[in-house]
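Topology and contacts: notes
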There are 2 protein chains.
Amino acid sequence: MLHFMELILAHVGARIPGGDEFRTLSELYLQRASAFMPSEAMGFRSEQNLLEWLERKSGRMLPVAVLLDSRGRQMTSEAFAGWIGERRDQGARQIAFAVGPASGWSDEARRRAQLLLSLGPMTMAHALARLVLAEQIYRACTILAGHPYHSGH
Amino acid sequence: MLHFMELILAHVGARIPGGDEFRTLSELYLQRASAFMPSEAMGFRSEQNLLEWLERKSGRMLPVAVLLDSRGRQMTSEAFAGWIGERRDQGARQIAFAVGPASGWSDEARRRAQLLLSLGPMTMAHALARLVLAEQIYRACTILAGHPYHSGH
């Protein structure tokens, strides 16, 4: 049976950060990514809700958690794609890529993460970081599939 | 007399990269930046047109050129703001921040630049890199002005 891994772009907070344009663009990248792997957005009221969701899937493999964190690891798009590909090859069912609350992640959340990812040394608005992450998820899918999107840039 | 330095978000190519949403968001950040320093978008048909424009202002101080380049220097938002502030304090009249052609910058353009700036190790779509740059320009303005936007993130 074909193994599908699901990609989830998660945010913490009452609503998706940013206005309509940010939401539209992030959604567009997730739609494009879905041509390669099922991809969707998911919101959590609080960090605690996210952590509970990450642990709730009893009897199934727990989702892999990737948290955006300014103190995290910087990766090239190729390395990021490679990391996602390894999780897939290890049989992961879901990867949740999460943009944190305005106050940042707690130590508990950081310990739970399989990867703390930094998008670079510049500070970005949450909505923009989420959009960059959405594009990187789509780009990773194209890299893993050998699709020409990435080589075009 | 108060010295105003103008900030220009330049792109090379027949049209602004990305769809309406990218244009709207970039424009929004430039509008916000204009509360601190005059800021506007400018398009150049080709790299050569940009280089000619950079040299054309005879009798006046030439614009400072900052080119986005994956081989460039990574900076924090604070360092980027500090760099802009130094140019202003040295009497620069204009800084042109430019996103390159799809094929990348020529050696000539790289030599002309005062700063080659990298947004980080990940490859981004041109439209997205332009938006990130617009936000960093706004953020730099707020950092230089002591406005709370930056400390909120």
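The structure under discussion appears in the preceding block.
Residues numbered from 1 in each chain as written. Chains lettered and ligands numbered in written order. Predicted model: local features only at pLDDT ≥ 70, side-chain atom pairs only at ≥ 80, totals over all residues. Heavy atoms only, no water.

**Topic: the sheet that holds strand 1 (residues 6-12) of chain B**
Residues and elements named next belong to chain B. We apply this condition: Strands qualify as paired when DSSP identifies two bridges or more between them. To qualify as a helix, a DSSP run of H or I must reach at least 4 residues; to qualify as a strand, a run of E must reach at least 2; elements of each kind are numbered from the N terminus. Each axis is a line fitted through C-alpha atoms, taken for helices only over the stretch in contact, and angles between the N-to-C directions span 0 to 180 degrees.
Sheet architecture is open: 5 strands sit in the order 2-1-4-3-5, paired in parallel fashion. Sheet topology places strand 2 (39-44) and strand 5 (115-118) at the edges, where each strand pairs with a single neighbour. Going from strand to strand, the sheet's axes swing by 35 degrees on average, the running direction of each strand aside. By the bridge criterion, 5 bridges tie strand 3 (residues 64-74) to strand 5 in an arrangement that is parallel. From the neighbouring strand, Q74 faces strand 5, where its bridge partner is S118.

**So, the packing of helix 1 (residues 20-33) of chain A against helix 5 (residues 126-145) of chain A**
Residues and elements named next belong to chain A. Applied cut-off: Working rule for angles: under 35 degrees goes down as roughly parallel, over 145 as roughly antiparallel, 65 to 115 as roughly perpendicular, anything else as oblique. Handedness of each helix crossing follows the sense of rotation of the near helix against the far helix: counterclockwise by less than a right angle gives left-handed, clockwise gives right-handed. The criterion used for residue contact is that any of the two residues' heavy atoms lie within 4.5 Å. For this classification, Asp, Glu, Lys and Arg are treated as charged, while Ala, Val, Leu, Ile, Met, Phe, Trp, Tyr, Cys and Pro are nonpolar and the rest, including Gly, are polar.
The contact between helix 1 and helix 5 brings their axes to 8 Å, and the two run at 15 degrees. Regarding the angle of helix 1 to helix 5, the classification is roughly parallel. Helix 1 and helix 5 meet at a crossing whose hand is left-handed. Every residue of helix 5 that contacts helix 1 at F22, L25, S26, Y29, R32 and A33 is listed here: A127, L128, R130, L131, A134, E135, I137, Y138 and C141. Across the contact of helix 1 with helix 5, the residue classes break down as 11 nonpolar, 1 polar and 3 charged.

**Comments concerning the relation of the copies chain A and chain B**
Rules: Least squares is the method for superposing the copies, and the C-alpha atoms it fits come from residues with pLDDT of at least 70 in both.
The two copies are related by a screw motion: chain A maps onto chain B through a turn of 180 degrees and a shift of 0.0 Å along the axis, at an RMSD of 0.0 Å. Taken together, the rotation angle and the small translation identify this as a two-fold axis. Interface residue correspondence from chain A to chain B reaches 100%, placing this contact among same-surface, isologous pairings.

**Notes on the packing of aromatic side chains**
All names here are of chain A. Selection rule: Between rings of Phe, Tyr and Trp, where Trp is taken as its six-membered ring, a pair exists when centres lie within 6.5 Å; planes separated by under 30 degrees are stacked, by over 60 edge-to-face, and by other angles tilted. Burial classes follow relative accessibility: with a 1.4 Å probe on protein chains only, a residue under 20% of its type's maximum area counts as buried, one over 50% as exposed, and anything between as partly exposed. Only when the NZ of Lys or the CZ of Arg is both within 6 Å of the ring centre and within 35 degrees of the ring normal is a charge said to sit over the ring.
Scanning the entire structure with this criterion turns up 10 aromatic pairs over all chains. Seen from their ring centres, Y138 and Y149 are 4.6 Å apart, and the 55 degrees between their planes marks the pair as tilted. Here the residue Y138 occupies a position in helix 5, and Y149 occupies one in the segment after helix 5, the gap between them amounting to 11 residues. According to the relative accessible area criterion, Y138 is buried, its value standing at 6%. Judged by relative accessible area, which is 13%, Y149 ranks as buried. An aromatic cluster of at least three residues, connected via ring pairs, comprises Y29, F36, Y138 and Y149. Lying over the aromatic face of W83, R87 brings its terminal NZ or CZ to 4.2 Å of the ring centre.

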